[in-house]
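What the coordinates show
Given next are the chains, with one letter for each unit.
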Amino acid sequence: MQYHIKDSTLIIEGYFEAVSTGLNGGRARVKYLFNKQVPRTFNPPSSQEFIREEALRLSIEKAYFGLLTAVNMEYLQIIEDDYLTAFITAGVSNGSEFRVKVGTINIILISKAKLSETALFGAIITATEAKGLALLEKGYTFLGTNTDAVMVAYETDSGPGSGSEEKREIPYAGSSTEFGKKITEAVIRGVKVGLELRGE
């Protein structure tokens, strides 16, 4: 796995089995995962088409999953713990007397270890629970924003050197498992630090 920031976009490259709750999400084998910064007033005719156009502009021509965020990449949190790497952009704003929620919390989790189908999807639940807990601990009265998304992926043997460090398969990702605890700690830390840096 390699990652870099280009044109206000986090680009992660490798050979992945992945799931995404994003705009072009689903379950697929992909080579790229990206998180694109857009203006707070962003409102295109089609967000899915925008993601496709951005992928081409960034020279991402192979299979990918993409996310959008209004959070500046300078606030990107990258947390590494053994075989898990978490990439988190966190932003929330509260407006009006009805506490309308705008902003986005995007979470990308990448495992060097192979994940079972159960763990792959279960990690989405654990990450979402951790995000909600982080917001509550920060004093917010909601568990997420309108546009939050989660990606979970593991590196496969499709590329040179990928997947060689960890051969075992992780069966579950519940919050009480070793893997789940890593997710919980990384997400809580990433969300809290990301919001604090933005003064939220």
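Source: prediction; values computed, not measured. (Residues numbered from 1 in each chain as written. Predicted model: local features only at pLDDT ≥ 70, side-chain atom pairs only at ≥ 80, totals over all residues. Heavy atoms only, no water.)

**Things to note about the packing of aromatic side chains**
All chains considered together, the criterion is met by four aromatic pairs. Aromatic side chains Tyr140 and Phe142 sit 5.3 Å apart centroid to centroid with 45° between the ring planes, which places their arrangement in the tilted category. With respect to burial, Tyr140 and Phe142 carry one shared label: buried. (Phe/Tyr/Trp six-rings, centres within 6.5 Å; stacked < 30°, edge-to-face > 60°. Buried < 20%, exposed > 50% of the residue type's maximum accessible area, 1.4 Å probe, protein only.)

**Considerations on the side chain of Thr104**
Here Thr104 is to be found in strand S7 (residues 100–111). In this structure Thr104 comes out as buried when scored by relative accessible area, which is 10%. In terms of polar contacts, Thr104 uses its side chain to reach the side chain of Thr147, at 2.5 Å. In contact with Thr104, other than residues within four places in its own chain, are Leu68, Thr69, Val71, Thr89, Ala90, Gly91, Thr145, Thr147 and Asp148. (Helix = DSSP H or I, 4+ residues; strand = E, 2+ residues; numbered from the N terminus. Polar contact = N/O pair within 3.5 Å; in protein donor to acceptor, adjacent residues only side chain to side chain. Contact = heavy atoms within 4.5 Å.)

**Description of the pattern of salt bridges**
Under the definition given, this model contains 15 salt bridges. Residue Lys131 pairs with Asp148 through a salt bridge whose shortest N-O separation is 2.8 Å. A residue pair is termed long-range when its members are at least 10 positions apart, and Lys131 in helix H2 (residues 117–137) and Asp148 in the loop between H2 and strand S9 (149–155) qualify at 17 residues. Accessibility classification places Lys131 together with Asp148 in one group, the buried group. Of the charged contacts in the structure, one is a salt bridge between Arg198 and Glu200, with a shortest N-O distance of 3.1 Å. Residue classification places Arg198 among the partly exposed positions, given a relative accessible area of 22%. Salt bridges here are not isolated pairs; linked through shared partners, they connect Asp7, Lys36, Glu54 and Arg57. (Salt bridge = Lys/Arg side-chain N within 4 Å of Asp/Glu carboxyl O.)

**Structural notes on unusual backbone geometry**
The phi dihedral of Asp7 is positive, around 50°, even though this residue is not glycine. As for its position among the elements, Asp7 is in the loop between strand S1 (2–6) and strand S2 (9–20). Taking the relative accessible area as the measure of exposure, Asp7 reaches 42% and is therefore partly exposed.

These results come straight from atomic positions and should not be treated as a statement about function.
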